[in-house]
Structures are given as C-alpha cells and as structure tokens.
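Structural overview for review
Read off the chains here:
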Amino acid sequence: MADQPALQRLDAHRWLLPRQGKMRTDGLIFSDDELIGAVRADGTLQQVQAMAALPGIVGPAMAMPDAHQGYGFPIGGVAAFDPHAGVVSPGGVGYDINCGVRLLRSKLVAADLNHQQLTRLADALAAQIPAGVGQGGAKRLDDRQLDRVLTQGAAWAVNNGHGQATDLEFCESNGQIPLADPDQVSTHARNRGRDQLGTLGAGNHFVELGVVELVADADAAQAFGLFPGQLVLWIHSGSRGLGHQVCDDYLKRLRQDKDAVHSPDSQLIAASPHSPVGQSYLAAMAASANFAFANRQMLTHLARQAIGQTLQISPANLGLALVYDVAHNIAKLETHTVHNRQRQLWVHRKGATRALGPNHPELPPRYAAIGQPVLTPGDMGRASYVLKGSHLAETLTFASSAHGAGRRLSRAKAKHNAKGRDISAELAQTNVIVRAKARATLAEEMPDAYKNVNNIAAIMQNSGVAPIVAKTRPLVCIKG
DNA sequence: ATGTGC
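Residues numbered from 1 in each chain as written. Chains lettered and ligands numbered in written order. Predicted model: local features only at pLDDT ≥ 70, side-chain atom pairs only at ≥ 80, totals over all residues. Heavy atoms only, no water.

In the nomenclature of an unreviewed UniProt entry, chain A is known as tRNA-splicing ligase RtcB of Desulfarculus baarsii. Under Sequence similarities (unreviewed entry), UniProt gives the following word-for-word description of chain A: "Belongs to the RtcB family." Taken from UniProt, the Subunit (unreviewed entry) comment for chain A reads in full: "Monomer." (UniProt positions renumbered as here; feature names shortened; annotations may be inferred.)

With respect to the overall build of chain A
Helix and strand content of chain A: 16 helices and 19 strands. Here chain A has a C-alpha radius of gyration of 21 Å; the compact-globule value for 480 residues is 23 Å, and the two agree. Across its three principal axes, chain A shows a C-alpha extent of roughly 60 × 50 × 50 Å. Counting only residues that meet the buried cut, chain A has 63% of its 480 residues in that class. Partitioning the contacts of chain A with sequence separation of at least 6, the portion at a separation of at least 24 is 77%. With 47 positive and 40 negative side-chain charges, chain A shows a spacing of 2 Å between the two charge centroids. (Helix = DSSP H or I, 4+ residues; strand = E, 2+ residues; numbered from the N terminus. Rg over C-alpha atoms; globule rule 2.2 N^0.38 Å. Buried < 20%, exposed > 50% of the residue type's maximum accessible area, 1.4 Å probe, protein only. Contact = heavy atoms within 4.5 Å. Lys, Arg positive; Asp, Glu negative; His and termini not counted. Charge placed at Lys NZ, Arg CZ, Asp CG, Glu CD.)

A closer look at the packing of helix H9 (residues 240–255) against helix H10 (residues 276–311)
Relative orientation and spacing of two packed helices are given, respectively, by the angle between their axes and the distance between those axes. Where H9 contacts H10, the two axes come as close as 9 Å, and the packing angle between them is 170°. Comparing the axis directions of H9 and H10 gives the class roughly antiparallel. Across from Arg240, Leu242, Gly243, Val246, Tyr250, Arg253 and Leu254 in H9, the residues of H10 making contact are Pro276, Val277, Ser280, Tyr281, Ala284, Ser288, Phe291 and Asn295. Class assignment for the residues of the contact of H9 with H10 results in nine nonpolar, four polar and two charged. (Axes fitted to C-alpha atoms, helices over the stretch in contact; angles between N-to-C directions. Parallel < 35°, antiparallel > 145°, perpendicular 65-115°, else oblique. Nonpolar A, V, L, I, M, F, W, Y, C, P; charged D, E, K, R; others polar.)

Remarks on the packing of aromatic side chains
Taken as a whole, this structure holds five aromatic pairs when the rule is applied. Relative to Tyr367, the ring of Phe224 lies with its centre 4.8 Å away and its plane at 75°, an arrangement referred to as edge-to-face. Of the two residues, Phe224 sits in helix H8 (residues 218–224) while Tyr367 sits in the loop between strand S14 (352–354) and strand S15 (373–376), which places them 143 residues apart along the sequence. Looking at Phe224, the relative accessible area reads 0%, which means it is buried. (Phe/Tyr/Trp six-rings, centres within 6.5 Å; stacked < 30°, edge-to-face > 60°.)

Points about the protein's contact with DNA strand B
In the vicinity of DNA strand B there are 17 residues, among which Val133, His188, Arg192, Gly203 and Asn204 approach most closely. Put simply, 56% of the atoms of DNA strand B that lie within 4 Å of the protein are in sugar or phosphate. Within the contact set of DNA strand B, a sugar or linking oxygen lies 3.4 Å away from a side-chain nitrogen or oxygen of His244. Put simply, the parts of the chain that give the surface near DNA strand B at least two residues each are helix H7 (187–193) and H9. For the surface near DNA strand B, the leading source of residues is H9, giving three residues. Considered class by class, the residues forming the surface near DNA strand B number three nonpolar, nine polar and five charged. (Near = heavy atom within 4 Å. Polar contact = N/O pair within 3.5 Å; in protein donor to acceptor, adjacent residues only side chain to side chain.)

Some thoughts on the nonpolar core
One finds Phe224, Leu233 and Ile307 to be the most contacted residues of the largest nonpolar core, which totals 96 residues. Among the elements that take part in this core, strand S19 (residues 468–479) stands out by supplying seven residues, more than any other. Listed in part, the 36 residues of the second largest apolar core include Ala154, Leu242, Leu282 and Trp346. (Core = buried A, V, L, I, M, F, W, Y, C linked by side-chain atoms within 4.5 Å.)

Regarding the pairing of strand S6 (residues 100–109)
Of all 10 residues making up S6, eight are buried, and the element is well covered by its neighbours. Sheet topology note: the S6/strand S8 (residues 230–237) ladder contains seven bridges and is antiparallel. What sits directly across from Arg102, in S8, is Ile235. Relative to strand S11 (residues 321–327), S6 is paired through six bridges, and the arrangement is antiparallel. (Pairing = 2+ DSSP bridges.)

So, the packing of helix H4 (residues 143–152) against H10
Between H4 and H10, the shortest axis-to-axis distance is 6 Å and the interhelical angle comes to 95°. Classified by the interaxial angle, the pair formed by H4 and H10 is roughly perpendicular. Judged by residue contacts, Leu146, Val149, Leu150 and Thr151 of H4 engage Ala286, Ala287, Asn290, Phe291 and Ala294 from H10.

A closer look at the UniProt feature "active site" (unreviewed entry) in chain A
Mapped onto this structure's residue numbering, the UniProt feature "active site" (unreviewed entry) falls at His403. Under the relative-accessibility criterion, His403 is labelled buried at 10%. Here the side chain of His403 touches Asp66 through a polar contact of 2.5 Å, side chain to side chain.

So, the environment of Arg14
Within the element layout of this structure, Arg14 appears in strand S2 (residues 14–17). The spatial distance from the C-alpha of Arg14 to the C-alpha of Ile459 is 8.9 Å, given a sequence separation of 445 residues. Excluding residues within four positions of it along the chain, Arg14 makes contact with Gln8, Arg9, Leu28, Ile29, Phe30 and Leu396.

Some words on the pairing of strand S1 (residues 8–11)
Sheet analysis places S1 next to S2, joined by three bridges and oriented antiparallel. Note on S2: the bridge partner recorded for Gln8 is Leu16. Here S1 folds back onto S2 in antiparallel fashion, the turn holding two residues.

A look at the pattern of salt bridges
Counting across every chain of the model gives 26 salt bridges. With a shortest N-O distance of 2.7 Å, Arg102 and Asp325 are connected by a salt bridge. A residue pair is termed long-range when its members are at least 10 positions apart, and Arg102 in strand S6 and Asp325 in strand S11 qualify at 223 residues. Accessibility assignment for this pair places Arg102 and Asp325 in one class, buried. Salt-bridge contacts for Arg411 lead to Glu445; the nearest nitrogen and oxygen are separated by 3.5 Å. You can see Arg411 sitting in helix H13 (residues 411–417) and its partner Glu445 sitting in the loop between helix H15 (439–444) and helix H16 (453–462), a full 34 residues away along the chain. (Salt bridge = Lys/Arg side-chain N within 4 Å of Asp/Glu carboxyl O.)

Pasting the structure below:
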C-alpha cells in the first residue's frame with residue numbers, strides 16, 4: 001500500500017509509530033518479523049494514527065500483535081482516555097459489545113475419550129447449542145426479565161438456574177458491569193436480543209473441546225486448575241443482535257448529536273464521557289456487556305448439560321469449573337498509574353484482553369499471586385493459549401494483551417481461497433471434529449484465514465506483557 | 001460481529 005506510515009523498530013516485538021501530523025501521542029505496535037508485514041499491508045497503521053489523534057488520549061495508541069483493520073479502531077486496538085479531556089467511541093469498542101471468551105477446566109483426561117465419544121460430544125453440543133446468524137434460543141425474555149439481564153449480567157443466569165455461584169467469581173468484573181441502564185437500549189435492540197440469550201451466533205464465535213497439550217508455567221497452571229492432558233472447554237460469544245444494534249444506534253445518534261467529537265475518519269466518531277450522549281452510550285454499552293456475560297453463562301450451562309448427558313457423568317465428576325471469562329470488546333473506567341500518578345481512565349480494548357498483574361485487587365483470591373488468566377484462543381485447527389497478566393502489562397499496555405489469533409485474510413478472501421476445498425474434511429484429517437451451521441462460516445474461519453497464534457503468544461510472552469501458562473489443542477469445534 | 005444491503 002502506498003503512503004504507509006514509517007515505523008521505527010524498538011526491539012524484537014515492538015515498533016513505534018512516531019507522533020506526527022494530527023497525532024497527539026505515539027503509536028505502539030506489538031508484532032514480529034513474520035506478522036508485521038500484514039499490519040503494514042492493511043489500514044491498521046492509519047487507524048492507529050487516527051486513534052492517536054483523538055482528544056484526551058493518555059499514553060500511546062496501541063495495536064496488539066493480532067491487529068487488523070476494523071471499524072474505527074483496528075481489531076486489536078487499545079487506547080486510554082482521560083475522563084474529562086478524552087472520549088468514548090463506539091468504534092473503539094466494536095459492534096459486538098463484550099464479545100469475549102471463557103475457559104472451563106474439567107476433571108477428565110482427554111485421552112480417556114475415544115473418537116466415537118468425541119463425535120457424540122460434537123453432535124450433542126451442535127444439537128443443544130443454538131448457533132448461526134439470527135438464531136434464537138429456547139427462551140424469549142419479557143421486558144422485566146430483559147431489564148434484569150441487562151443490569152445483572154451473568155448473575156441473572158446463575159440466579160435463574162443456569163450455572164453455579166462460583167462461576168461469577170471467575171468472570172471479569174464478576175460478570176456484571178456497573179451503571180448499566182436498560183432504558184438507554186432501544187426497543188429495536190431489545191427485540192433483537194429478546195430471544196438470543198444462550199445462543200452462540202456466527203462468524204468466529206465457537207464452543208470448543210480441547211486438550212491441554214503443554215504446561216509452560218506449573219505454578220500458574222496449578223492455580224488455574226490446569227494439567228497436561230486435561231479436557232477443557234472454550235466458549236467464545238458476545239452480545240448478539242442486541243449489542244450490534246446498540247452500536248448501530250449510537251453511531252447514528254452521534255452523527256446527529258451536537259456533542260459528538262468528530263475525526264477525519266467518520267467511523268471514529270466519539271463523545272465526551274460526560275456528555276449526555278456519551279453517558280447514554282456508556283450505560284447502553286454496559287447493559288449490552290451484561291447481556292453478553294449472561295449469554296456466555298447460559299452457553300456454559302447448555303454445554304455442561306450436553307457433555308454430562310452424552311458421557312453420563314455427574315456434574316461433580318465432570319468438574320467443569322470456570323477458569324476465567326474475559327471481555328475483549330469493551331471500554332472500562334480503570335485506575336492506572338501514569339508517570340507515578342494514579343489516574344482514572346476510559347480504557348478501550350477492541351479485540352484486546354485485560355491482563356491484570358499479580359495482587360491486583362480485582363483478581364479472585366485464588367489467582368492473586370499469579371495474575372489474571374489471559375485467554376487467547378487461536379484458530380479452530382491449531383491451538384489456543386492461556387497466558388497470565390503481569391505488572392509490566394500494567395505499566396506498558398494499560399494491562400492489555402492480544403485477544404487471539406486475529407484474521408489474516410478478509411472473509412471474502414478466505415471464502416475465495418476455500419473454493420473447491422472441504423474444510424471439515426481437512427480438519428478431520430488433523431483430528432479436529434467440526435460442526436458448523438453454515439458452510440460459508442467454515443471457509444471464512446478456516447485455519448489459514450488466521451494469523452499463527454503461536455506467534456501471537458510468543459510476542460506477548462517475550463515482550464513480558466503476558467507470559468505463557470498453557471497451550472491447548474482443539475478436539476471438537478462447534479461453529480455458527 | 002450482524003435479521004451478512006437500502
């Protein structure tokens with residue numbers, strides 16, 4: 001691409017995008033020799049420059065190693081803003097508000113399951129977990145129930161029989177973002193989400209059974225309850241049509257609002273957190289985030305049931321306990337130390353995972369000595385990683401890390417490259433059993449559509465931001 | 001990501 005901004009290499013895993021033109025701060029790119037080419041080739045760097053030009057930005061505008069061009073911010077973008085001089089931006093959070101990941105451990109050894117049992121698990125999960133674009137679930141919430149979901153988050157699901165109380169302890173923010181206001185969520189958004197609680201969705205969302213194939217940090221793995229050979233369950237989903245509509249609604253509203261903060265890139269439209277429209281967006285964003293937390297909790301319950309029924313194992317013997325649940329599309333008001341001063345900042349993580357270091361007050365006691373589990377799923381054929389947050393992350397990245405592999409090919413390009421191929425058969429040859437509602441999804445989501453998550457994990461580890469704890473390999477993957 | 005376009 002012509003006119004690519006000049007990058008200065010800082011070290012093996014970091015590049016500086018120096019402040020220039022309208023930028024108010026530097027850009028900082030995490031990458032490596034293999035991945036930096038893709039970041040240069042799409043619009044990621046220009047988007048980082050645009051982030052850096054937003055008012056009230058504190059610290060650098062960052063791109064994680066899985067970054068690629070997105071709407072407004074790149075996917076993999078991290079930026080922090082002063083609550084008074086700064087902004088909040090729907091394009092800095094993403095369309096899928098609180099898209100996120102959770103990981104559950106089990107008491108089972110994967111090798112004890114034969115191929116037939118894994119196939120039956122794939123069939124049961126595919127049958128019992130509603131998936132696909134526009135797909136509804138078993139429940140249709142009335143307005144009162146929906147209000148509670150939007151304010152209570154995962155706790156609503158647990159309190160209504162879809163999980164156990166201990167699940168909440170291991171969710172980021174306990175699965176409930178404060179100051180959510182259902183009244184800031186449009187009727188249209190509510191109606192889109194009303195029957196979508198406990199549904200997977202489509203695209204890169206998945207439910208996966210995997211096996212722990214490597215433990216790199218024995219102490220951390222023990223604290224997280226992970227051991228080699230263990231069967232684990234990954235769940236990746238978000239706020240479905242409801243969050244999507246909220247993002248859409250507030251982008252439209254901002255375009256007509258006198259308090260909107262405009263950028264040369266109209267996708268970056270933003271508002272002061274204190275403006276009426278900014279306050280409304282934040283309250284609706286929080287409500288959508290709570291919907292997503294409740295959704296992943298419902299999906300967890302469905303998966304526990306499907307697995308227990310299929311294997312005829314009691315919940316106690318299955319031991320599907322939550323390791324952690326992270327939000328990777330969200331803006332949060334957090335306290336960070338900047339130039340030796342504690343400041344409240346609106347940290348936008350869009351396709352980026354929070355990565356709190358040891359002894360952070362928001363960690364559950366079980367993880368206090370270790371740091372936060374940083375869930376970093378890869379593509380459906382290769383691997384996924386559990387990393388751990390660090391003090392360095394708190395000083396370097398506002399406690400943020402990568403959110404996964406990140407797309408390498410556009411959806412259109414992936415579909416083109418998959419023409420004439422049977423992705424399901426290719427995955428079966430590498431012993432991954434996949435079930436997808438739509439053939440097009442498999443093409444868009446095939447392993448070569450993604451960056452190599454091994455590189456992503458190595459960058460996060462070697463930069464000191466998020467050391468590797470464990471690696472898992474996929475066995476069964478359910479897609480929309 | 002998304003009732004995958006207005």
